[in-house]
Amino acid sequence: MSCGGAVRFGVLGPALLETARGEVELRSRNQRTVLAVLLNAAGQPVQAARLMSALWPVRPPRTAPNAVHVAIHHLRKALEEPDRLRSTPAGYVLRTDPDEVDLERFQALVAAGRAALAAGSAVVAGDRLAAALGLWRGSAYEDLRDDVLLRTEIERLEELRLTALGARIDADLMAGRQLEVVGELRQLVRAHPTREAFAVQLMTALERTGRRGESVHVYHAARRALAREVGARPGVRLQAALRDVLATPAPALDRRPAPAQLPALPPIFVSRGAEIALRREVAAVVAISGPAGAGKTTLAVRIAHQLQDRFPDGQVYADLGGSLSRRVEPATILTDFLDSLGIEPIPAELQERTALYRSVLADRRVLVLLDGAVDESQVAPLLPGAGASQVLVTSRPRLTGLSAVDQLDLGPFTRSEGLELLLLAAVAGAERVRHQGAAAATVVDRCGGSAFALRIAGELLRDQPVADLAASLADDSLRLEVLSGVRASLSLSYQDLSASLRQALDDLGSLEATRLTVALAVSALGESPAAATEILEQLVDARLLYVVGRDNYQFYDLVRLYVREQCSRTCERASR
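Report follows, based on the coordinates. Note that the structure is a prediction, hence the values are computed from the model and not measured.

V518, A521 and L525 are the residues of helix α24 (residues 518-525) that are buried. Seen end-on, α24 carries its buried residues on one side only, within an arc spanning 55 degrees. α24 presents A519 and S523 as exposed residues on the side facing more than 90 degrees away from its buried surface. At its buried positions, α24 is contacted by α23 (499-509), β11 (515-517), α25 (529-541) and β13 (552-555). Following α24 by one or two positions, G526 has its phi on the positive side, about 70 degrees.

Attention now moves to the pairing of strand β9 (residues 390-395). The element β9 is extensively covered by neighbouring structure, given that 6 of its 6 residues are classed as buried. Side chains Q390, L392 and T394 project from β9 onto one buried face, and the interleaved V391, V393 and S395 project onto a second face that is buried too. Of the strand pairs in this sheet, strand β6 (residues 285-289) and β9 are connected by 5 bridges, and their pairing is parallel. Among the inter-strand pairings, S289 is bridged to a residue of β9, identified as S395. In the sheet, strand β8 (residues 367-373) pairs with β9 via 5 bridges, with the strands oriented parallel. Each bridged residue has a counterpart across the sheet, and for L367 the counterpart in β9 is Q390.

This part is about the packing of aromatic side chains. The description of an aromatic ring pair uses the distance of the two centres, along with the angle that the planes make with each other. Overall, the coordinates contain 4 aromatic pairs when judged by the stated rule. Residues Y546 and Y556 carry aromatic rings whose centres are separated by 4.8 Å and whose planes lie at 45 degrees to one another, so their mutual orientation is tilted. You can see Y546 sitting in strand β12 (residues 545-549) and its partner Y556 sitting in the loop between β13 and α26 (557-575), a full 10 residues away along the chain. The class for Y546 is partly exposed, based on a relative accessible area of 27%. Classification of Y556 as buried rests on a relative accessible area of 12%. In this arrangement the basic side chain of R161 is found over the ring face of W136, its NZ or CZ atom lying 6.0 Å from the centre. Sitting above the plane of the F311 ring, R365 keeps its charged end 5.6 Å from the centroid.

Across the interface, α23 lies against α24 with an axial gap of 9 Å and an inter-helix angle of 115 degrees. Taken together, the axes of α23 and α24 lie roughly perpendicular to each other. Between α23 and α24 lies a crossing whose hand is right-handed. Residue-level contacts link A504, D507 and L508 of α23 to A521, A524 and L525 of α24. Tallied by class, residues from the contact of α23 with α24 come to 5 nonpolar, no polar and 1 charged.

A separate point is the sheet that holds strand β10 (residues 406-409). Strand order across the open sheet formed by 5 strands is β7-β8-β9-β6-β10, with parallel pairing between neighbours. Each of the sheet's edge strands pairs with one partner strand only, and the pair in question is β7 (315-319) and β10. Across the sheet, the mean angle from the axis of one strand to that of its neighbour is 15 degrees, orientation sign disregarded. Helix α12 (residues 296-307) contacts β6, β8, β9 and β10 of the sheet and is inclined by roughly 165 degrees relative to β9. Lying on the sheet, helix α13 (residues 330-340) is in contact with β7 and β8; it crosses β7 at an angle near 160 degrees.

The interhelical angle for the contact between helix α9 (residues 212-230) and helix α10 (residues 236-247), taken along N-to-C directions, is 160 degrees, at an axis separation of 10 Å. Relative to α10, α9 is oriented roughly antiparallel. The chirality of how α9 crosses α10 is left-handed. On the side of α9, the interface is formed by R212, S215, V216, Y219, A222 and L226, while α10 contributes L238, Q239, L242, V245 and L246. Broken down by class, the residue content of the contact of α9 with α10 amounts to 8 nonpolar, 2 polar and 1 charged.

Another point: the pairing of β12. When β12 meets β13, the two strands line up antiparallel, connected through 4 bridges. Pairing of G549 across the sheet is with N552, part of β13. The antiparallel hairpin formed by β12 and β13 contains 2 residues in its connecting segment, where D551 sits at a positive phi of about 60 degrees.

Let us now look at the nonpolar core. F9, L17, L35, F106 and Y141 are the most contacted members of the largest nonpolar core, which has 71 residues in total. Take this core: its biggest share by element is 8 residues, from helix α6 (residues 151-174). When sequence neighbours within four positions are dropped, the list of residues in contact with F9 reads L16, L17, L35, L39, L79, R84, L94, T96, E100, V101 and D102. Formed by 52 residues, the second largest nonpolar core is a distinct cluster that contains C447, L480, A504 and L516.

Moving on, we get to α9. Given a rise of 1.5 Å per residue, 19 residues ought to cover 27 Å, and the 27 Å separating the end C-alpha atoms of α9 matches this to within 8%. Buried residues of α9: G213, E214, S215, V216, V218, Y219, A222, A225 and L226, and no others. Along its buried surface, α9 packs onto α7 (178-191), α8 (196-208), α10 and α13. Note on α9: the residue one or two positions beyond its end, G231, has a positive phi of about 65 degrees.

Turning our attention to the sheet that holds β11. As summarised here, the arrangement of the 3 strands in space is β11-β13-β12, forming an open sheet in which the pairing is antiparallel. The sheet is open, and its two borders are formed by β11 and β12, each paired with just one other strand. Averaged over all pairs of adjacent strands, the angle between strand axes in this sheet comes to 40 degrees, irrespective of strand direction. Those strands touched by α25 are β12 and β13, and its axis lies near 115 degrees from that of β12.

Right, let's talk about unusual backbone geometry for a bit. At Y141, a position not held by glycine, the phi torsion is positive, near 50 degrees. Positionally, Y141 belongs in the loop between α5 (122-133) and α6. Residue Y141 is classed as buried on the basis of its relative accessible area of 3%. Of note in this structure, R543 is not a glycine but carries a positive phi near 65 degrees. Relative to the elements of secondary structure, R543 occurs in the loop between α25 and β12.

What counts as what
Residues numbered from 1 in each chain as written. Predicted model: local features only at pLDDT ≥ 70, side-chain atom pairs only at ≥ 80, totals over all residues. Heavy atoms only, no water. Buried < 20%, exposed > 50% of the residue type's maximum accessible area, 1.4 Å probe, protein only. Helix = DSSP H or I, 4+ residues; strand = E, 2+ residues; numbered from the N terminus. Arc of directions from axis to C-beta. Contact = heavy atoms within 4.5 Å. Pairing = 2+ DSSP bridges. Phe/Tyr/Trp six-rings, centres within 6.5 Å; stacked < 30°, edge-to-face > 60°. Lys NZ or Arg CZ within 6 Å of the ring centre and 35° of its normal. Axes fitted to C-alpha atoms, helices over the stretch in contact; angles between N-to-C directions. Parallel < 35°, antiparallel > 145°, perpendicular 65-115°, else oblique. Left-handed = near helix turned anticlockwise from the far one by under 90°. Nonpolar A, V, L, I, M, F, W, Y, C, P; charged D, E, K, R; others polar. Core = buried A, V, L, I, M, F, W, Y, C linked by side-chain atoms within 4.5 Å. Expected span 1.5 Å × (residues − 1).

Dropping the structure here:
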């Protein structure tokens with residue numbers, strides 16, 4: 001019997017009710033729980049005592065009957081059909097049609113998908129099974145996950161979901177989509193290490209993509225997991241999968257194309273003198289360092305694109321994080337590099353991965369671009385050994401601990417370079433910039449020679465008068481607000497400092513002097529001349545200060561503003 005109306009119910013996640021007007025917001029936990037219990041009863045009467053036990057598993061309060069009545073009342077009101085939810089002597093009855101409940105639709109779609117799979121219609125099967133899985137919004141009966149009476153049913157439905165997922169992956173494999181499912185299967189094997197079906201599917205997908213060694217590794221990992229978790233040996237399907245992999249002839253060549261991972265060429269670029277020409281005949285490793293916003297990545301990507309034709313075996317790229325808080329471990333980078341180069345199996349230990357990586361690159365010509373290195377220990381395992389491969393690496397600190405490296409330090413842009421970048425970034429506003437030279441020079445100067453800040457300023461000038469922007473940037477209290485994004489970039493360098501060095505930087509930033517002498521630092525920090533000099537040099541290494549002469553140092557302009565801003569906030573907090 002049809003109940004009529006455009007109503008949908010959901011139990012594959014939090015309890016869901018949709019009417020012709022859209023999804024009903026069930027704000028009350030009581031409403032969601034009562035609805036879930038009624039839907040689980042599938043049209044059978046549910047006594048008030050059962051609803052109270054679901055709402056209060058230990059001891060229902062005195063107000064429990066009234067709370068149940070209130071929840072029922074709100075559900076009836078939301079349903080907009082009086083006969084949908086009725087009170088009978090046997091209990092409450094919620095009437096539904098099978099196609100109105102997501103669980104019923106899920107089971108119907110899974111049955112249709114399995115039938116299509118059995119008939120050899122892989123694409124149709126995959127579509128129907130994917131549609132079935134798409135109905136899940138979380139755990140089944142999520143509002144009742146602690147309900148003792150539903151625990152078995154919830155576990156049964158989770159098993160149905162995993163089985164349907166396995167069937168959908170079978171359809172994908174039948175359709176030749178093994179490359180697309182490898183990543184998903186890796187996650188599933190990690191989440192369900194003793195579920196042999198997923199391990200078998202991953203072995204199959206890897207073997208079909210020519211990664212037989214990795215496939216064998218999956219078998220042994222599954223064998224260890226079974227022994228460790230449940231004290232069992234591999235089952236028939238898993239053992240058969242291993243035999244199939246070992247019986248398949250290894251491909252003569254990896255057919256994957258050479259990696260081409262370089263980021264896109266930056267649309268705006270200003271040559272830093274002869275830097276690119278100088279690096280066209282690069283050493284095995286070129287390390288480009290400089291303060292935040294100096295244009296290190298832009299320069300490295302530009303050089304890499306000019307050199308890429310020399311490296312027919314590919315170009316690989318990795319973002320190393322740029323700061324301690326975002327540092328990416330070299331083991332992770334090596335896994336990605338080896339995978340992109342078509343190498344398998346990949347060893348588990350960092351030392352073994354490094355050795356394999358260097359062996360592979362020894363007879364290949366590969367360009368390696370490492371962006372945002374934090375320190376030498378992160379970069380060292382990623383450097384090739386002997387061979388014709390080359391590395392470009394960017395970092396804020398100088399990587400002085402690496403040997404046989406061509407070091408290139410980027411400082412602030414000169415005024416003429418800054419004006420050129422400003423014109424390129426301004427695009428539509430470039431003509432106004434040319435005709436207001438004095439104001440444009442002020443903008444460049446207030447950007448402190450930072451390529452990042454200049455690009456931001458250029459974008460602002462596309463629809464803003466030059467004089468107005470110059471006036472805004474001249475106000476030290478507004479400059480970092482106007483140059484949005486600069487503050488976040490500088491904060492990475494600031495937060496990477498130790499607590500003591502950060503405090504020293506704050507103390508130095510509170511000084512009014514434009515230049516910092518060792519004598520001033522001694523006075524501000526309360527340290528000996530030797531200790532004060534060491535602190536100043538550490539801040540130079542961190543690219544927050546630069547040397548302007550013997551025993552003389554200076555803040556990068558935008559760094560000075562940022563540090564003073566931090567000092568002000570610290571003082572405000574201390575005064576509260």
